[in-house]
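Structural description and commentary
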Amino acid sequence: MARTLQTQGAVIETSEAQIAVHWREEEYYYPSAKFVGQANLTDPNVVERFSEKNFPECFREYADMLSWDQYWQTTLDTSDPPFWKWFVGGKINASYNCVDRHLAKYKNKAALIFVPEPESEAPVSVTYRELYVRVNEFAALLRDFCGLKSGDRVTIHMPMVPELPISMLACARLGVIHSVVFGGFSGEACGMRVADSQSQVLITMDGYYRNGKLLDHKAASEISLEIAKKEGQTVDKVLVWRRHPGKNASASPFVKGRDFFVDEVLPKYAGELVAPVPMDAEAPLFLMYTSGSTGKPKGCQHRTGGYLAYVTGTSKYIQDIHPEDVYWCMADIGWITGHSYIVYGPLALAATSVIYEGVPTYPDAGRVWRIAERLDVNIFHTSPTAIRMLRKAGHDEPPKYNYHFKHMTTVGEPIEPEVWRWYHDTVGKGEAVIVDTWWQTENGGFLCSTKPALDPMKPGSAGPGVPGIFPVIYDENNQEIAAGSGKAGNICIRNPWPGIMQTIWGDHDRFVTQYYTKYCKNRNSKDWHDWPYFASDGAVLAADGYFRILGRVDDVINVAGHRLGTKEIESACLTVPEVAEAAVVPVADEIKGRVPEVYIALKPGVQASPAIVDKVNKAIETMIGKIARPKHIHIVPDMPKTRSGKLMRRVLAALSNNMNTGDISTLANPDIVENIRELVQGKEAVALADGPEDLKKFGTED
Ligand code: WTA
């Protein structure tokens, strides 16, 4: 029997077998009595406390976990939808909350433990007292040497070292807005972000260890500055932390008067204290650039008070962080997960947060578990890609090491139940509770997850909305899809919450159109009920209220849990002079979930050659970074197009994934499809499979 899945306007016939693939009910797993016995959130009344009738005042509970310079008057101001304001009138400093306020009780406790990639270098602990000293000194340098003041922007392009959170917290102390760019992004990508945020200062590092090599990282800054300048933004100062102070790991030129080694300037500020600036709750704390449907990454602007309250509350209740825990989130601080759940959330709760410099499988598949054993980590947080990678590299490694996790997180992509079970049984040794947390850069913190001591786990399902979050699934006709119907739709959040971004930096219109226009019930309404947040993810809701996330419904490819815009990759391809047209589609990958695959058509008269493929590869690496490297680059004679000339990425995605292309008779050039199929799949016809939801629906036509 066939069923109908209503998705993205199109009605897609789906077989029972396929629904089973997407939506098989798994057995529940229950948290152990030992975990429940020590958990922060064990009162089932939390559901009532954070129910709609208590909204928005329920979020006082999170804000009250912080130390405020001035208490707020209005919890939620909805006067200018969808620009919600939280804790209005309150004043607070994020650096004070993550550092100073812990000194009385925890000054000698490790705030950060840095694990260098080379195993010959011992882990380095930074106590709360030491963090306080270092944040103050660096804040003094930013203020007095760079002339930075609250509201200014600074771009930070750094690897995973303690100097990264130190730089962020020093900015926060002054009210300077930081924009951290993932260290693996190229100089070009960083330069575009420097320009968009109008940063006058760039903070970087000479080099860092990755896969056994000391990489030259500072070299990227030269390109960043050049690109930023082209875009109209001049950077006055480049602050260069050194991996080994006194020694330089970078061969890149050092420009006198512009570039400064931090270890040479910092001694001038030794012992200086900088009073934390009481910031308006609504003052921006940071920008985090992320990919969307257009070519240009957007700067998600996060507020100080609401964001910090939200990440603190969710770190306490969902991550179950206590001050005595050793917490290790393996994400990179250059992504939102690192901001919220390596730096701000855990430090606001006085936890010990582990920062690992390198590759999880370096020098072998046991490394992660050796670190866990050595540091006695008890909370572990990572992505399905990392779990799949560790499972493949060392299926039987974890039991060889003597560590015990009480709690584990998975984030960033859907996790296959089979991988979930390995995480649970082998990594967690059957002892750890697992939370599958669904959320996005725009959201500040978790949206869906089980409450670890209260809700059973279900492999492959994120779970219900977390306290105070009311998710809903709508179809394309604005109708709510009922729980247990088996139908997929667009997951939305009905209400505002303190962690939601304020706006897109410099582009308020795009903020409204991207997230709120689609399901807005009344543009003139000041009632939040009329403004559901559209997340751009497909999802299914089971009868038990658990959401299962199916993946993006827009042009974003989730590569190893990292968001890449197809348009950004296509723009990079088009910088190669021989390329006339480019189309990028996601292809399923055993480890990384999805990876980009590139189709290019050449300009008339240009012969296809391996040299052109190399050039396209290089262009992608230069413009974006190695993470965007395509699985294949196919040179095709022409692109499949509609009669009005729209490029049909969906057809290419189907070919790349051995899926049914659907009806192609309406194309202007239907014959090209067989031609490309042969090129991609070979002469022999391959079995056509029904694919996952995000791949089937992929792609706008333009
Ligand atoms: C995906 C990362 C399934 C989703 C925090 C979302 C997930 C995108 C999950 C955001 C999850 C995140 N299960 N999919 N638990 N968590 N995603 O902005 O498609 O880097 O829209 O934020 O990752 O990625 P971002």
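Our subject is the structure that appears above.
Residues numbered from 1 in each chain as written. Predicted model: local features only at pLDDT ≥ 70, side-chain atom pairs only at ≥ 80, totals over all residues. Heavy atoms only, no water.

1. Focus: the side chain of threonine 155
Basically, it comes down to this: Numbering goes from the N terminus for both helices and strands, where a helix is a DSSP run of H or I of at least four residues and a strand is a run of E of at least two. Pairs of N or O atoms within 3.5 Å make up the polar contacts considered here, provided that, within protein, one atom can donate a hydrogen while the other can accept it, and that residues adjacent in sequence are counted only when both atoms are side-chain atoms.
Assignment of secondary structure puts threonine 155 in strand β8 (residues 153-158). A distance of 2.7 Å separates polar atoms of two side chains, one belonging to threonine 155 and the other to serine 199.

2. Looking at the packing of helix α20 (residues 649-656) against helix α21 (residues 671-681)
As a reminder, the rule being used: With axes taken as lines fitted to C-alpha atoms, and helix axes fitted only over the stretch in contact, angles between N-to-C directions fall between 0 and 180 degrees. When the near helix sits turned anticlockwise from the far one by under a right angle, the crossing is termed left-handed; a clockwise turn instead gives a right-handed crossing. A contact between two residues is defined here by any heavy atoms of the two lying within 4.5 Å. Polar here means any residue other than Ala, Val, Leu, Ile, Met, Phe, Trp, Tyr, Cys and Pro, which are nonpolar, and Asp, Glu, Lys and Arg, which are charged; Gly is therefore polar.
Between α20 and α21, the shortest axis-to-axis distance is 9 Å and the interhelical angle comes to 35°. At the point where α20 passes α21, the crossing takes the right-handed sense. Facing Val651, Leu652, Leu655 and Ser656 of α20, the residues of α21 in contact are Val673, Ile676, Arg677, Val680 and Gln681. Partitioning the contact of α20 with α21 into residue classes produces six nonpolar, two polar and one charged.

3. With respect to helix α12 (residues 305-317)
Which entries qualify depends on this criterion: A helix is expected to reach a length of 1.5 Å times the quantity of its residues less one. To sort residues, take the accessible area from a 1.4 Å probe on protein chains only and compare it with the maximum for the residue type: under 20% means buried, over 50% means exposed, and anything in between is partly exposed.
Helix length check: α12, at 13 residues, gives a terminal C-alpha distance of 18 Å against a target of 18 Å (1.5 Å per residue), a fit within 8%. Burial runs high along α12: 12 of the 13 residues are buried. Of the positions making up α12, those classed as buried are Gly305, Gly306, Tyr307, Leu308, Ala309, Tyr310, Val311, Thr312, Gly313, Thr314, Ser315 and Tyr317.

4. Focus: the sheet that holds strand β14 (residues 259-261)
Stated precisely, the cut-off is as follows: Should DSSP find at least two bridges between two strands, the strands are taken to pair.
On the basis of which strands lie adjacent, the open sheet formed by eight strands has the order β14-β13-β10-β8-β9-β16-β17-β25 and mixed pairing. Pairing within the sheet leaves two strands with one partner each, and these edge strands are β14 and β25 (503-504). In this sheet, strand β10 (residues 201-205) lies alongside β8 in parallel orientation, the contact comprising three bridges. Considered in β10, the bridge of threonine 155 is made with leucine 202. Across the face of the sheet, α12 comes into contact with β16 (284-290) and β17 (298-303) while running at roughly 80° to β17. The sheet strands contacting helix α13 (residues 336-348) are β9 (177-182), β16 and β17, and the helix crosses β16 at an angle near 140°.

5. Let's talk about the environment of phenylalanine 59
With respect to the helices, strands and loops of the structure, phenylalanine 59 is situated in the loop between α3 (46-49) and α4 (60-63). Separated by 250 residues in sequence, phenylalanine 59 and alanine 309 have C-alpha atoms that sit 8.2 Å apart. Aside from chain neighbours lying at most four places away, what touches phenylalanine 59 is Phe50, Trp86, Phe87, Tyr310, Pro467, Gly468, Trp497 and Pro498.

6. A short note on the site of the ligand
Using the following cut-off: Residues are classed as near a molecule or strand on a simple rule: at least one heavy atom within 4 Å of it. The accessible surface values rely on the Shrake-Rupley method and a 1.4 Å probe; as for residues, cover is taken only from the protein chains in view.
Contacts to the ligand come from 17 residues, most closely from Asp436, Thr437, Thr441, Asp537 and Arg563. Backbone polar atom of glycine 412 to a nitrogen atom of the ligand: 3.1 Å apart, as the coordinates give it. Within the side chain of aspartate 537, a nitrogen or oxygen atom sits 2.6 Å from an oxygen atom of the ligand. Relative to its free-state accessible area of 530 Å², the ligand is covered by the protein chains to the extent of 97%. For the shell around the ligand, the elements supplying multiple residues, two or more each, are α13, β22 (433-437) and β27 (547-552). For the shell around the ligand, the class distribution of residues is six nonpolar, six polar and five charged.

7. Here we look at the pairing of strand β24 (residues 488-493)
Of all six residues making up β24, six are buried, and the element is well covered by its neighbours. Here β24 runs beside strand β26 (residues 533-541); their pairing, made up of five bridges, is antiparallel. Residue pairing for β26: cysteine 492 is matched across the bridge by phenylalanine 534.

8. Looking at the packing of aromatic side chains
What counts is decided by this rule: Any two of the Phe, Tyr and Trp rings considered here, Trp counted by its six-membered ring, make a pair once their centres fall within 6.5 Å; the pair's planes then place it as stacked at under 30 degrees, edge-to-face at over 60, or tilted in between. Both a distance and an angle decide whether a charge sits over a ring: NZ of Lys or CZ of Arg must be within 6 Å of the ring centre and within 35 degrees of the ring normal.
Evaluation of the coordinates by the stated rule reveals 46 aromatic pairs. Between tryptophan 86 and phenylalanine 87, the ring centres sit 5.7 Å apart and the planes meet at 50°, which makes this aromatic pair tilted. No difference in accessibility class separates tryptophan 86 from phenylalanine 87, as the two residues are buried. Against the face of tyrosine 403 rests lysine 429, its NZ or CZ located 3.8 Å from the ring centre. The ring centre of phenylalanine 534 lies 5.5 Å from the NZ or CZ of lysine 518, which sits over that ring.

9. Observations concerning the pattern of salt bridges
Spelled out, the test is: For this document, the term salt bridge refers to a Lys or Arg side-chain nitrogen within 4 Å of an Asp or Glu carboxyl oxygen.
Using the criterion set out here, one finds 44 salt bridges in the structure. When the shortest N-O distance is used, the salt bridge between arginine 60 and glutamate 57 registers 2.6 Å. Given a relative accessible area of 26%, arginine 60 falls into the partly exposed group. Residue arginine 563 pairs with glutamate 442 through a salt bridge whose shortest N-O separation is 2.9 Å. One end of the pair, arginine 563, is in strand β29 (residues 562-565); the other, glutamate 442, is in the loop between β22 and β23 (471-474), with 121 residues separating them in the sequence. Put simply, Glu119, Asp364, Arg367 and Arg370 are held in one network by salt bridges that share partners.

10. Re the packing of helix α7 (residues 128-145) against helix α8 (residues 163-174)
Helix packing for two helices is described by the angle between their axes and how far apart those axes are. Where we set the bar: Convention used here: angles under 35 degrees read as roughly parallel, angles over 145 as roughly antiparallel, angles from 65 to 115 as roughly perpendicular, and any remaining angle as oblique.
Across the interface, α7 lies against α8 with an axial gap of 8 Å and an inter-helix angle of 60°. In this view, α7 runs oblique relative to α8, as classed from their interaxial angle. Classified by chirality, the crossing of α8 by α7 is right-handed. Facing α7, whose interface residues are Leu131, Tyr132, Arg134, Val135, Asn136, Phe138, Ala139, Leu142 and Arg143, α8 presents Glu163, Ile166, Ser167, Leu169, Ala170, Cys171, Arg173 and Leu174. Among the residues forming the contact of α7 with α8, the class breakdown is 11 nonpolar, two polar and four charged.

11. Observations concerning α21
Convention followed: Throughout, the arc means the angular range of directions from the helix axis out to the C-beta atoms.
Among the residues of α21, Ile672, Val673, Ile676, Arg677 and Gln681 are the ones counted as buried. In an axial view of α21, the angular spread of the buried residues amounts to 140°, which keeps them on one side of the axis. Looking at the buried residues of α21, the elements they touch are β31 (593-602) and α20. After α21 finishes, the residue glycine 682 shows a positive phi value of roughly 90°.

12. Remarks on the nonpolar core
What counts, and what does not: Only buried residues count toward a nonpolar core, which is a set of Ala, Val, Leu, Ile, Met, Phe, Trp, Tyr and Cys residues joined through side-chain atoms within 4.5 Å.
Core analysis: the largest hydrophobic core is formed by 124 residues, its most contacted members being Phe59, Leu131, Phe138, Ile203, Leu239 and Tyr344. With 10 residues, α7 is the single largest residue contributor to this core. Setting aside residues up to four positions removed in sequence, leucine 131 forms contacts with Val99, Ala111, Leu112, Val126, Ile166, Leu169 and Leu347.

13. A look at the pairing of β8
The side chains of a regular strand alternate between the sheet's two faces. Counted only if it meets this: Classification remark: right-handed applies to a crossover when, strands pointing away from the viewer, the course from the first strand over the helix to the second runs clockwise.
Counting buried residues in β8 gives six out of six residues, a clear majority hidden from the surface. The two faces of β8 match: Arg153, Thr155 and His157 on one face and Val154, Ile156 and Met158 on the other face are all buried. In this structure, β8 lies alongside β9, joined through six bridges in parallel fashion. By the bridge assignment, arginine 153 is partnered in β9 with isoleucine 177. Once you follow β8 into α8 and on to β9, the crossover reads as right-handed.

14. Things to note about the sheet that holds β24
On the basis of which strands lie adjacent, the open sheet formed by four strands has the order β23-β24-β26-β27 and antiparallel pairing. With one partner strand each, in any of the chains shown, β23 and β27 form the two edges of the open sheet. Across the sheet, the axes of successive neighbouring strands diverge by a mean angle of 45°, strand direction being ignored.

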